[in-house]
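Chain by chain, the residues run as shown.
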Amino acid sequence: MSENKTFISLLFVTVVAIGIGVVIGANFNQGAEAANSNKGISPVETRARDFYAPNSEALGPDEMRLVACGTGMPTARPKQAATCFLLELGNGDKFLFDIGTGSAERIAALQIPYNYLDKVFLSHLHSDHFGDMDALFVGGALMNRQKPLRVWGPSGDTPERGTAYALDHLYKALTWDLDGRKGITDPRGYVRFQVTEFDYKGVNEIVYQENGVTIRTIPAIHSLDGPVSFILEWNGFKFVFSGDTYPNKWFAEYAKDADLAIHECFITVPALVEKFKFTPQGALDVGTQVHTAPEAYGKMMSIIKPRMAVAFHFFNDFDTAPDIERRIRTTYDGPLSLATDYMVWNITKDEIRTRMAIIDEDVWPPQPSEEPQVPDPTLRIPFSEFIVNGKYDVKDVIQPVYDEINEEYGLNEKQGQ
Ligand SMILES: [Zn+2]
Ligand SMILES: [Zn+2]
């Protein structure tokens, strides 16, 4: 991460420096003479960016943009959050596919108003695929998602293993959190999860159809009954996201000819033994039977032949990526991206452009897209008398803050008890 940060910082400094250089150049030397005078001083000229800067590029009406907001493993690391992909369509729709632990931070870095981040599709209920649901639910509502969070996810072989059960209980787990926000913030985003649970055994069944976008699911084979893969179609484009799965016949059939296909590709068995200290037996089981090994990933991609194959679900480092790619290349020779966090794909009919996003670590939440509702203070759940009596009297030092805000906004707010 620190190397990455240094690189990104340097890049930023360079970009700013180029910008300043251009402005200074324009001020001091006008016209073509100025451009010529630069020759021999610096080989750098202004040109299209090689990176994606969030909140700086409009999508074309016939374009899709995919951003990797989590590509790693259940074990947390700074460089890679757990599984999460954001797909943005040229019609304005945005879809989150899985929201694994750590991914909420990556989503925040994209500076998209939270009102637009209200649709999450869960491939299955492993925490590395939905561990940041609470962060999006609460943090998004706090920052102006003024509607319930919509979640689509599979049933299980029992009701307790289904998405509705998981989110019902997640909501219950947030009881103290949500009760404490009553009467303080705009309540509309906290009301509930709006869950659509669909049959995990559905084969190419539609689970979503709005605004020209159709999303279907197929079963996946992973850990227990329940996981699924998603197929999204819009505007003649086909996008597929495997979630976690052993290679399966449904993906081979229904993911064919995708414009972009994300399929899991697990860390190699030797790396599981050497780096994760798995037993060889455990590594073989997890690395080839519970998940898709790189060789099997390549085989699946050779069958479905996407315009771009995206591999994720491994620690993508200088010493792991080459062996993963070598193994994939034993069975697949088409276009390939070894995903890491903040990788970005722009997809049009003519081209798929792959870049990295440059992130502002100091980012604040984006501006609300709708006017926030003033909270109703009568909805507050009061403290007990015991706790109220423990308050230290700091009213004299707080009063100037009230005076300042009342004057600035023409209010008459008074300190409570
Ligand atoms: Zn999983
Ligand atoms: Zn996983």
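What this report covers is the structure whose coordinates are included nearby. Keep in mind the model is a prediction, meaning the values are calculated, not measured.

What follows deals with the coordination of the zinc ion (ligand 1). Of the protein atoms, only H124 (NE2), H126 (ND1), H222 (NE2) and D244 (OD) coordinate the zinc ion (ligand 1), at distances of 2.1 to 2.4 Å. Seen from the zinc ion (ligand 1), its four donor atoms lie at angles of 93 to 166°, and the figure they make is irregular. In the primary sequence, the donor residues of the zinc ion (ligand 1) line up as H-x1-H-x95-H-x21-D. Separation of the zinc ion (ligand 1) from the zinc ion (ligand 2) amounts to 3.3 Å, with D244 serving as a shared donor to the pair.

Moving on, we get to the coordination of the zinc ion (ligand 2). For the zinc ion (ligand 2), the full set of protein donor atoms is D128 (OD), H129 (NE2), D244 (OD) and H313 (NE2), at a range of 2.0 to 2.3 Å. Because the angles between the four donor atoms bound to the zinc ion (ligand 2) fall within 88 to 160°, the donor set is best described as irregular. Coordination of the zinc ion (ligand 2) draws on donor residues from a single chain, spaced D-H-x114-D-x68-H in sequence. The class for D128 is buried, based on a relative accessible area of 5%.

A few words on the pairing of strand β7 (residues 205-210). Note that β7 and strand β8 (residues 213-219) share five bridges and pair antiparallel. Across the sheet, Y208 pairs through a bridge with I215, a residue of β8. Counting the residues between successive antiparallel strands, the hairpin from β7 to β8 contains two residues, one of them, N211, with a positive phi of roughly 55°.

Among all positions in helix α11 (residues 294-304), only P294, Y297, G298, M300, M301 and I304 are buried. With its buried residues spanning 160° around the axis, α11 presents them on a single face. Buried residues in α11 make contact with α8 (249-254), β11 (260-264), β12 (308-312), α12 (321-328) and β13 (336-338). Looking one or two residues beyond α11, the residue adopting positive phi is K305, at roughly 50°.

This part covers the sheet that holds strand β2 (residues 84-89). Strand order in the open sheet formed by eight strands is β6-β5-β4-β3-β2-β1-β14-β15, with mixed pairing between adjacent strands. The sheet terminates laterally at β6 (193-198) and β15 (352-356), the two strands that pair on one side only. Ignoring strand direction, the axes of neighbouring strands in this sheet form an average angle of 20°. By the bridge criterion, four bridges tie β2 to strand β3 (residues 94-97) in an arrangement that is antiparallel.

This part is about the packing of aromatic side chains. Tallying each qualifying case throughout the model produces 20 aromatic pairs. Ring centres of F97 and F239 lie 5.3 Å apart, and the angle between their planes is 45°; this geometry places the pair in the tilted category. In this pair, F97 sits in strand β3 while F239 sits in strand β10 (residues 237-241), placing the two residues 142 residues apart along the sequence. By relative accessible area, which is 0% here, F239 ends up buried. One aromatic cluster is present, formed by F85, F95, F97, F121, W152, F198, Y208, F230, F239, F241 and F312 through successive ring pairs. The residue whose ring lies beneath K349 is F237, and the NZ or CZ to ring-centre distance is 4.2 Å.

This part covers the sheet that holds strand β9 (residues 228-234). Within a sheet, each strand pairs with its neighbour through backbone hydrogen bonds, oriented either parallel or antiparallel. Strand order in the open sheet formed by seven strands is β7-β8-β9-β10-β11-β12-β13, and the pairing between neighbours is mixed. Two strands close off the open sheet at either side, each with one partner strand: β7 and β13. Averaged over all pairs of adjacent strands, the angle between their axes in this sheet comes to 20°, without regard to strand direction. Strand direction decides the pairing type here: β10 and β11, joined by three bridges, are parallel. Paired with F241 across the bridge in β11 is I262. The sheet strands contacting α12 are β12 and β13, and the helix crosses β13 at an angle near 150°.

Structurally, T320 is set in the loop between β12 and α12. In this structure the side chain of T320 is engaged in a polar contact, spanning 2.9 Å, whose partner is the backbone nitrogen of D317. Excluding its chain neighbours within four sequence positions, the residues that come into contact with T320 are K275 and F315.

Attention shifts here to the environment of N316. Secondary-structure assignment places N316 in the loop between β12 and α12. Since its relative accessible area comes to 10%, N316 is described here as buried. Residues N316 and T71, 245 residues apart in the sequence, show an inter-C-alpha distance of 8.6 Å. The contact partners of N316, leaving out residues within four places of it in the chain, are R77, K79, Q80, A321, L338, A339 and T340. Among the polar contacts made by the side chain of N316, one reaches the main-chain carbonyl oxygen of L338 at a distance of 3.0 Å. Within polar-contact distance, the side chain of N316 engages the backbone oxygen of A339 at 3.0 Å.

Here we come to the nonpolar core. In globular proteins that are soluble, nonpolar side chains generally tend to be buried together. Counting 34 residues, the largest nonpolar core has I99, V120, M133, L149 and F193 as the members making the most contacts within it. Broken down by secondary-structure element, the contributors of at least two residues to this core are β1 (64-70), β2, α3 (103-109), α5 (133-142), β5 (149-154) and α6 (163-173). Ranked by residues supplied to this core, first place goes to α5 with five residues. If sequence neighbours within four positions are ignored, I99 has contacts with T83, C84, I107, V120, L122, H129, F130, G131, D132, M133 and L136. Membership of the second largest hydrophobic core comes to 33 residues, among which are F85, F121, Y200 and I262.

So, on to the pattern of salt bridges. Inspection of every chain in the model, using the stated rule, returns 22 salt bridges. Its salt-bridge partner being D323, residue R326 comes within 2.8 Å of it at the nearest N-O pair. Of this pair, R326 and D323 both sit in helix α12, three residues apart, which is roughly one turn of that helix. Residue class for D323 comes out partly exposed when judged on its relative accessible area of 23%. Each of E295, D323, R326 and R327 takes part in one network of salt bridges that share partners.

The rules behind these values
- Residues numbered from 1 in each chain as written.
- Chains lettered and ligands numbered in written order.
- Predicted model: local features only at pLDDT ≥ 70, side-chain atom pairs only at ≥ 80, totals over all residues.
- Heavy atoms only, no water.
- Donors = N, O, S within 2.8 Å, 3.2 Å for Na, K, Ca; no water.
- Tetrahedral: all angles 85-135°; square planar, octahedral: opposite > 155°, others 65-115°.
- Buried < 20%, exposed > 50% of the residue type's maximum accessible area, 1.4 Å probe, protein only.
- Pairing = 2+ DSSP bridges.
- Helix = DSSP H or I, 4+ residues; strand = E, 2+ residues; numbered from the N terminus.
- Arc of directions from axis to C-beta.
- Contact = heavy atoms within 4.5 Å.
- Axes fitted to C-alpha atoms, helices over the stretch in contact; angles between N-to-C directions.
- Phe/Tyr/Trp six-rings, centres within 6.5 Å; stacked < 30°, edge-to-face > 60°.
- Lys NZ or Arg CZ within 6 Å of the ring centre and 35° of its normal.
- Polar contact = N/O pair within 3.5 Å; in protein donor to acceptor, adjacent residues only side chain to side chain.
- Core = buried A, V, L, I, M, F, W, Y, C linked by side-chain atoms within 4.5 Å.
- Salt bridge = Lys/Arg side-chain N within 4 Å of Asp/Glu carboxyl O.

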